Structure formats: structure tokens, C-alpha cells
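As a plain string of letters, each chain reads:
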Amino acid sequence: LAAVAAGAYWLIRPAPAPRVSNYVQLTHDGVLKSLTATDGARLYLNRWSALDEVTVMPVSGGEPTRLPLPFANAHADQLSPNGAELLVGEERIGRDPPFDFWSVPVLGGSARLLGEAKGLIAAWSPDGKWLAYSKATSLFVAKADGTDPRTLVTMPGDGPIWAPTWSPDGGTLRFLLQESDGKHFLWEVSLSGAGLHRVIPGWPDQESGQWTASGKYFVFT
């Protein structure tokens, strides 16, 4: 009985809280940047200096190098589910909406324009079959190559939609809506366009997040 009890406790005991045990500075160029994705071997970063650049570097460290692109101002939104391509926005200076979306092979090859998809920010679905992107107060869904777009939802007000994020099963999208006071709030809608609702009513201000791989938790700031 004691052995059974010990085994049961070992199986159901809560996992310890994760903690940072060490950290190492990887870059030293003093340029503002943000981490977009990693495939385990490389880090993909957006870097903002004279031009907006998409850069890549080894996870072991070293200075980021600019990813060769057929346009000057760009930012990366996401690494494809198979790790082969980056979803990159080309800035359309002085034009509305501000970005064209491209699929860029990470190991060399020609960038491919994703149909007529244009907007603020985009994200491929976990199975790589769909593309979600925002434009002003509307959220759109198209095929992964940008064709056959449809409006998923249009929100009231003037605030833009940011950071569309897919659930692991691909059936739900969460996004940030900027309201008139400048604060952002998380909303959720199904891929069919049904079930639109605010995720955490009453929370004072929210920023973008991601589901864990299991879909059990959503981590946000």
C-alpha cells in the first residue's frame, strides 16, 4: 500500500514552477531588436536602425546578419510550421495598408508574394493551410498563399487589430483590439466567425500572447 501511495503521488504531484537559472548576452551591437522565432539552430530577429531589417544569427551567439530580401524595409511575423519559410511584411511607405506579405525561404531561394493579402500583421495556422491577417478594424483569413481571402470579423470603433494568434488546433483565433483610450484588449473568434467575445473582461490592459503547445494555457503580457 505504501508503494502504491508513493507511486500515485509521483504521478499526480504538481510540476515545479519554471525559473531562470542563468542567462547569456548574445548580441552586442546596441541596436533595438526583437525575437521573432527560432528553429532550434538559428534565431530570427527584427532589427530597427536606419531601415527595418530581418536578421538571423546562431543560437550560440554572434552578430545578426541581414536576411537578403528583394525590398529594403521589412519585418518578420512568424516562422512557418515546418521551419522552412519566414512570413515577412514589406513596408509600403506612404500607402495604406502598410504591408505586403511574403513567404521567404530561410535557406535561400526566391521570396513569394502572398496573393493580395495586405495589412498590419499576419500569421499562418499551425497546419500551414491558412493565413490570418489584420487590416484596420477587420480580421481576414485566406489560404496560406494569400488567395481566396474572406473577412472573418470587423470590430466597431477606429482602433486597429493586432497580433492574430492561432490556437494549436487551428479552430480559434485570438487578437488584440486597440480601443479609443489606447489600451489593448484580447478578443477571440472561431475560424467560422462565430463566438466573438472578449477573453478577460475587466483586465486593465493586455498585450499579445501565445498558446502553449497543448492548448491548455495562454501566456500573455
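Residues numbered from 1 in each chain as written. Predicted model: local features only at pLDDT ≥ 70, side-chain atom pairs only at ≥ 80, totals over all residues. Heavy atoms only, no water.

S.K.: Can you help me understand the side chain of glutamine 206 in this one?
M.R.: Relative to the helices and strands, glutamine 206 is located in the loop between strand E16 (197-198) and strand E17 (209-211). Of the residues examined, glutamine 206 reaches a relative accessible area of 0% and is grouped as buried. A distance of 2.7 Å separates a polar atom in the side chain of glutamine 206 from the backbone nitrogen of leucine 186. (Helix = DSSP H or I, 4+ residues; strand = E, 2+ residues; numbered from the N terminus. Buried < 20%, exposed > 50% of the residue type's maximum accessible area, 1.4 Å probe, protein only. Polar contact = N/O pair within 3.5 Å; in protein donor to acceptor, adjacent residues only side chain to side chain.)

S.K.: So what exactly am I meant to see when it comes to the sheet that holds strand E3 (residues 52-58) here?
M.R.: Two modes of strand pairing occur in sheets, parallel and antiparallel, and in both the strands are linked by backbone hydrogen bonds. The antiparallel open sheet is built from four strands, whose spatial order is E1-E2-E3-E4. A single partner strand is all that each edge strand has here, and the edge strands are strand E1 (32-38) and strand E4 (65-66). Bridge analysis of strand E2 (residues 42-48) against E3 gives seven bridges, and the strand direction is antiparallel. Looking across to E3, one finds that arginine 47 is bridged to glutamate 53. (Pairing = 2+ DSSP bridges.)

S.K.: What am I meant to see in a nonpolar patch on the surface here?
M.R.: Where nonpolar side chains cluster on the molecular surface, the patch consists of Trp10, Leu11 and Ile12 and spans about 420 Å² of accessible area. By the secondary structure assignment, leucine 11 is in helix H1 (residues 2-12). (Patch = residues over 30% accessible without salt bridge, like charges linked within 9 Å, V, L, I, M, F, W, Y side chains within 5 Å. Areas by Shrake-Rupley, 256 points an atom, 1.4 Å probe, with all protein chains shown as cover. Salt bridge = Lys/Arg side-chain N within 4 Å of Asp/Glu carboxyl O.)

S.K.: When you look at the environment of glycine 209 in this model, what are you seeing that I'm missing?
M.R.: Positionally, glycine 209 belongs in strand E17. For glycine 209 and phenylalanine 220, which are 11 residues apart along the polypeptide, the C-alpha to C-alpha distance reads 3.9 Å. Sequence-distant contacts of glycine 209, that is, excluding residues within four places in its chain, are made with Thr165, Phe218, Val219 and Phe220. (Contact = heavy atoms within 4.5 Å.)

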